Every structure is written in structure tokens, then in C-alpha cells.
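# Residue-level structural notes
The residues making up each chain are set out below.
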Amino acid sequence: YHGSSSGLENTAAWTAESNQTNAQIGISVASAGDVNGDGYSDVIVGAYCYSNGESYEGRAYVYHGSSSGLAGAAAWTAESDQAVAYFGVSVASAGDVNGDGYSDVIVGARDYGNGENNEGRAYVYHGSSIGLAATENWTAESDQVNARFGISVASAGDVNGDGYSDVIVGAYRYDNGETDEGCAYVYHGSSGGLSGTAAWTAESNQIDARFGYSVASVGDVNGDGYSDVIVGAHAYDNGETDEGRAFVYYGNDTAGLSMIPRQARADGSQLIMPVGMASDLLSNTAFRVRLFGRSTQGRIRARLQVQIAESGQSLISGTMHTQAGYMDLNVTGTEVDYQVSGLTAHQAYYWRARLLYDPAQVSTGQLHSPWFRISKGNLEGNADMRTGPEPPPTATPTITPTSTTSPTVTLTATITPTATTSPTATITPTATQTSGLANIDLKGKAVLAYPNPTQNQMKFLMHLDKATDVEINIYNLTGERIAKLKETIPAGRGQVLVWNCADIAPGIYLAKAYFGGEEKQTIKLAVVE
């Protein structure tokens with residue numbers, strides 16, 4: 001049944017049958033991922049009682065997707081070639097266990113025997129540009145009579161964070177101290193495919209619990225960047241006979257992986273510190289979001305989605321911006337870089353980002369990552385960045401004289417010495433009145449500092465209705481004053497003081513602005529490398 005904006009269609013868009021009595025096709029069904037890399041999801045279907053030379057050997061079918069939906073005929077089939085093996089009793093996408101960019105599949109044959117009757121076997125087939133391999137690339141068995149290994153199979157996602165998909169297999173009749181307690185096995189992926197031995201096992205430790213009758217990935221339920229798994233034991237007892245129990249096990253046994261996003265100027269030239277300005281006066285309505293992309297499902301295609309709101313508004317109802325196309329995250333992860341544009345100038349914003357996974361490749365049901373924020377806090381207004389003020393007019397700036405003499409005002413700033421040191425530098429900014437900046441709205445503030453952060457020069461913009469004694473003191477975070485700018489500035493809009501800070505160590509600084517001896521504003525400044 002195809003989905004749509006109004007939900008699923010009422011009639012089936014596609015059907016398939018085995019055309020054989022008692023084959024029981026459909027005993028198991030699943031997404032196969034994208035086994036041939038054409039961008040369309042494929043499906044896998046099991047017929048565990050299918051016979052073709054061997055009675056009840058079982059068969060699995062894969063049908064390729066396309067722009068018109070699933071193909072009418074299977075593109076691939078496989079059988080166990082052993083009587084009563086029940087191959088296909090379970091089927092699933094295995095994710096991408098060898099990291100080649102193509103989805104792989106896993107099939108269970110619960111009653112397969114190879115030295116031990118009904119021990120069971122699981123098979124993995126690798127995908128490629130032409131589809132699935134004709135013969136299995138990996139198999140595993142329980143090596144125990146009647147264990148029924150393969151009764152359930154699934155992708156485990158990427159439980160160890162190495163970039164390769166892992167698989168999980170159940171053996172619900174396995175014995176190890178308790179008869180039919182059951183066991184689940186996880187095998188890790190690698191560049192060469194799945195490991196030959198299980199990297200992890202778990203048991204119920206209860207007689208006849210049938211642990212492992214069902215297994216699956218649950219995505220990343222605790223948000224640590226590693227996939228987690230779930231195992232069912234439908235006959236487990238705990239006060240009530242056969243009440244059943246489900247068990248979840250977290251991937252990764254230590255700290256999680258960091259996926260903290262970063263923000264940068266629109267041209268990508270410089271990262272923006274928290275609450276910093278996203279752009280200079282000539283680029284004021286966009287910024288970039290960067291996130292190191294990786295998936296809990298192993299190698300997969302993804303794109304970035306950013307939700308953004310003005311400070312003070314609810315982020316949950318903010319505007320959504322989504323990257324146009326999917327990109328390959330590769331095995332080791334890839335930095336995803338996306339420009340968010342169309343913002344309002346001179347506005348504080350906060351935002352969050354997540355990865356959207358290509359639905360054609362999803363193997364665990366998790367279509368996107370959790371939301372990530374650059375800073376912690378609630379969803380109601382803590383600003384992450386600010387866009388720049390409105391740009392000046394395109395006309396050539398002019399200097400407006402205030403008398404018949406030269407309008408240039410020289411401003412001398414000195415570094416206040418401490419008890420044990422003496423000044424080592426003199427900063428000489430200039431104060432000018434620039435008509436191109438006269439139209440900048442300071443939003444009720446006395447001074448606007450830009451660009452902020454900066455690398456070598458900070459400008460302080462003011463609109464003065466009369467000649468004013470202006471003093472700007474700049475302090476480091478220990479409270480030491482590192483610069484003092486003081487001068488009488490003539491009346492006029494668009495007055496600018498320039499502080500040359502190329503020799504100042506990168507870091508956070510505070511500027512206090514005084515007009516006529518009265519403190520008007522405290523400004524957070526950032527100097528970067």
C-alpha cells in the first residue's frame with residue numbers, strides 16, 4: 001500500500017504470490033533497503049515452506065522499487081537447498097554490513113541442520129549496483145541441536161559506532177543451563193562483511209522463556225549515537241505464567257558520540273560564537289549550520305534539517321529549512337554543511353538541527369536523528385546567534401564636516417598598566433561620521449559593535465544628537481581593563497569608532513560604554529584567530 005499526504009491508499013498498489021501450494025509466501029516480509037543503489041526502496045518476502053527439489057526448503061524473494069513502485073517479478077530469489085530447513089521463516093534488511101553503500105539482506109532458516117539437527121542458520125547476501133549476490137556472503141549457525149537459530153533476524157543498526165551495520169539473530173530454543181531459555185546473537189560488520197563469531201550474546205536464564213523469538217533494532221533510544229536492540233521472550237514468567245517480556249540492550253558500553261552542531265558565517269569564513277553575529281553589514285540574512293554526520297544504522301545517505309525561530313518565540317513552531325539532496329555519510333562520517341537563508345536582519349535567533357536519513361536505505365525504522373542544539377536550554381528563546389544590521393545604502397560614503405576645518409577627529413586610546421607592567425602598545429582608532437551608516441537602526445541601543453566576532457578590527461557605531469563625551473572601556477574576563485577609548489564626539493548619526501585589536505589575544509571581552517560619564521551599555525565582544 002503506497003503512502004500519501006492523506007495516509008495509506010485503500011487498495012493494494014502491489015501484490016505477489018508464490019504460485020505453489022503450501023509455500024506460505026508472506027510468512028515474513030520486510031524492507032530490503034536499497035540493494036541496487038538506484039534510490040528506491042526494495043522489499044524482501046519469505047516463503048518458508050516453498051519446495052524446489054527439496055520439500056519445505058524455503059525461499060526468499062526480493063522485488064526492486066522504481067518510480068512506478070515495485071516490480072511485478074522478483075529480481076532475486078534464494079533457497080536453502082535442504083529439505084525442511086524453512087529458509088525464509090524470517091527476513092530483513094541487514095543494513096550495509098560491509099560499508100560499500102548498498103543495502104544487504106539477512107534470511108533465517110530455523111530448522112537447518114549441519115551436524116546438529118534443527119540447529120538453524122542465518123544467511124547474509126550483499127547488495128551491489130546490479131542487486132544482491134547470487135550466493136550467500138556470510139552464514140552462522142548455533143551448533144546446538146534444536147536451538148532454532150534464525151527464527152528471527154534483523155539489522156542491529158551500528159551498535160559499536162564503527163560505521164558498519166551489525167545484525168542480530170535469535171535462537172529461541174537454545175539451552176545453556178536452562179532448557180529452551182533462548183539466546184540472541186549480535187555480529188559486527190566490517191569492510192570485509194560480518195564477523196565469523198558473535199561479538200555479543202544474551203540469554204533469559206529462565207526455563208522455556210523462548211528468549212530470541214523476536215529481535216530488532218530500536219534505533220537509538222537513549223540518544224548517545226549508538227544503535228540499541230530489543231529481544232522478545234514471549235513465554236517468560238514473572239508472577240504470571242507465560243506473560244512474556246521484552247528486553248532492550250544499549251549499544252556502546254561507554255560514553256556516547258558527540259554530534260554537537262556548529263554555526264558559521266554565510267560565506268563559511270568564520271565560526272560564530274554563541275550569541276555572536278552571523279554576518280557583517282554586507283551579509284545579514286543568512287548563516288551556515290555544520291554537523292558531523294553519522295548514523296546509528298551504519299553507512300547511509302542523509303541531509304540536514306534546521307528549525308529556527310526568533311528569540312522569545314517557540315522553537316517547536318519555528319520555520320523548517322531542509323537541505324535539497326541527500327549526501328553519502330560514508331563509513332567514518334562526513335561533515336554536513338548547509339546555509340540557512342531568508343532571515344530577518346538585526347534579529348536574534350536560536351535553532352536546532354537533525355539528520356534526515358534516506359528512506360530507501362533505512363534498516364532500523366529510524367528516519368532521522370534526534371534534534372541537536374548548539375547550546376542547552378529550553379525551547380523558548382535562548383539566542384544562539386544574531387543576524388547583522390540592515391546594510392548601508394550603496395552610495396559612496398561621505399564625510400560630513402562640522403566646521404570649515406578638516407572633519408577628521410583623532411582618538412587616542414591607551415592600555416592601562418598594571419602594577420607590575422607598563423603599556424606595550426598604543427591603539428589609535430579614528431572617529432568619523434559616515435552618512436551610509438546613518439540609517440542603521442540600533443534597536444534602542446546606544447552602541448552597536450561590529451563585526452562581532454572579529455579578527456583584527458572592531459567598530460562601534462553611534463547616533464549622537466549632540467556633542468558627547470564618549471568613553472568605551474574594554475575588559476578581559478578577569479576584570480582587567482585592556483583598553484580605554486575616550487573622546488568628545490560631535491553630533492551626528494553614523495559616528496564610528498574603530499578599535500584595532502589585531503594584537504589582542506583571541507577570547508571573550510566586555511566593553512562598557514559611557515556617554516557624558518553615564519554608563520549606557522555593556523557589550524560582549526569576541527576576538528578570534
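The present account deals with the structure reproduced in this document. (Residues numbered from 1 in each chain as written. Predicted model: local features only at pLDDT ≥ 70, side-chain atom pairs only at ≥ 80, totals over all residues. Heavy atoms only, no water.)

### Describing the side chain of E141
Structurally, E141 can be placed in strand β8 (residues 138–141). A residue is classified by how much of its surface remains accessible, and E141, at 18% relative accessible area, is buried. Reaching out from E141, the side chain makes a polar contact with the side chain of N114 at a distance of 3.1 Å. A polar contact is formed between the side chain of E141 and the side chain of R121, at a distance of 2.5 Å. For E141, the contacting residues outside a window of four places in its chain are Y112, N114, E119, G120, R121 and F149. (Helix = DSSP H or I, 4+ residues; strand = E, 2+ residues; numbered from the N terminus. Buried < 20%, exposed > 50% of the residue type's maximum accessible area, 1.4 Å probe, protein only. Polar contact = N/O pair within 3.5 Å; in protein donor to acceptor, adjacent residues only side chain to side chain. Contact = heavy atoms within 4.5 Å.)

### Comments concerning the packing of aromatic side chains
All chains considered together, the criterion is met by 18 aromatic pairs. When the ring of Y172 is compared with that of Y213, the centres are 5.0 Å apart and the planes differ by 75 degrees; the resulting orientation is edge-to-face. In this pair, Y172 sits in the loop between β10 (166–171) and β11 (183–187) while Y213 sits in strand β13 (residues 211–219), placing the two residues 41 residues apart along the sequence. For Y172, a relative accessible area of 10% corresponds to the buried category. Taken together, a centroid distance of 5.9 Å and an interplanar angle of 50 degrees make the contact between F287 and W351 tilted. On the criterion of sequence distance, the pair formed by F287 in strand β18 (residues 287–293) and W351 in strand β23 (residues 348–357) is long-range, its members being 64 residues apart. Accessibility expressed as a relative area gives 0% for W351, which makes it buried. Taken together, the ring pairs in this structure connect W76, F87, Y112, Y123 and Y125 into an aromatic cluster. When the ring centre of Y226 is taken as origin, the NZ or CZ atom of R294, which lies over that ring, is 5.9 Å away. (Phe/Tyr/Trp six-rings, centres within 6.5 Å; stacked < 30°, edge-to-face > 60°. Lys NZ or Arg CZ within 6 Å of the ring centre and 35° of its normal.)

### Here we look at the sheet that holds strand β4 (residues 76–79)
The pairing of strands in a sheet happens through backbone hydrogen bonds and is either parallel or antiparallel. Read across the sheet, four strands follow the order β1-β2-β3-β4 without closing on themselves; strand pairing throughout is antiparallel. Edge strands, defined here as strands with exactly one partner in the open sheet, are β1 (25–33) and β4. On average, each strand axis in the sheet is tilted by 20 degrees relative to the strand beside it, whichever way the strands run. Alignment of β1 against strand β2 (residues 42–47), held across six bridges, turns out to be antiparallel. Residue pairing for β2: S28 is matched across the bridge by G46. (Pairing = 2+ DSSP bridges. Axes fitted to C-alpha atoms, helices over the stretch in contact; angles between N-to-C directions.)

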